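What follows is the residue order along each chain.
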Amino acid sequence: MKNIKLLALVLSAAVLAGCAGMKQSGAGSSASQQSSSATDDTAIVSKIKSGLAADADLKDTKIDVTSAQGAVRLKGEIKSLALRRKVDAIVKDVPGVKSVDNQLIVTG
C-alpha cells in the first residue's frame, strides 16, 4: 500500500512538472510575438516617414506617425484635403499596414 501511494505521488509530480513546462513555453512564444510585432511597427513607421519625406509636397510637413500591430495613426496639420488624401495613399502602400486612423487637420 505504501508503494502505491509513493508511485501515485511521483506520477502526480511528473504530470504537474510537464504541465508547468508547457505553460512556460507558451508564454515565451507570446513574448516573441510581441517583440516581432513591435519590430514590425517600427519598420512601418520608418517606411511611412521615408515615403512622406520623399514626396516634394509633403517633405516639410510635421506629421506624427504611430503604429500598433499594423494600425497606423496620423496626427498633425496639413495644408489641403488633396495632400491629406496623398498621405493616406502613401501610408496604405506600406506593407504591414492594416488600418489608417487619419486625424490630420486641414488648415488651408
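The structure we're discussing is the one just above.
These lines cover the structure that appears in this document, whether it is placed above or below.

Cut-offs and rules
For every chain, the first residue of the written sequence is number 1, and numbering continues from 1 onward in sequence order. Where totals are concerned, whole chains, interfaces and linings use all residues; where local detail is concerned, this predicted model gives features only for residues with pLDDT of at least 70, and gives and counts side-chain atom pairs only at 80 or more. For the side-chain quantities, the full set of heavy atoms in the structure was used; hydrogens and water were omitted. To qualify as a helix, a DSSP run of H or I must reach at least 4 residues; to qualify as a strand, a run of E must reach at least 2; elements of each kind are numbered from the N terminus. For the exposure calls, accessible area comes from a 1.4 Å probe over protein chains only, and a residue counts as buried if that area is under 20% of its type's maximum, exposed if over 50%, partly exposed in between. Here a residue-residue contact requires only that any non-hydrogen atoms of the pair lie within 4.5 Å. Exposure was quantified through the Shrake-Rupley algorithm and a 1.4 Å probe, taking into account, for residues, occlusion by the shown protein chains and nothing else. When DSSP finds at least two bridges between two strands, those strands are taken to pair. Axis angles are defined between N-to-C directions and span 0 to 180 degrees, where every axis is a line fitted to C-alpha atoms and, for a helix, only to the segment in contact.

Secondary structure assignment for the protein chain yields 2 helices and 3 strands. In the protein chain, the succession of helices and strands from N to C terminus is α-β-β-α-β. Here the protein chain holds 108 residues, and 22% of them are scored as buried. Contacts spanning at least 24 positions in sequence make up 60% of the contacts within the protein chain whose residues lie at least 6 apart. Taken as a whole, the protein chain presents about 7600 Å² of accessible surface, with 58% of it coming from carbon and sulfur.

Here the focus is the sheet that holds strand β1 (residues 63-68). Spatially, 3 strands are ordered β1-β2-β3 in an open sheet, and the strand pairing comes out mixed. The open sheet has two edge strands, β1 and β3 (99-106), and neither has a second partner. Looking at each pair of strands side by side, their axes are set apart by 10 degrees on average, direction ignored. Here strand β2 (residues 71-78) runs beside β3; their pairing, made up of 8 bridges, is parallel. Within β3, the position partnered with E77 by the bridge is I105.

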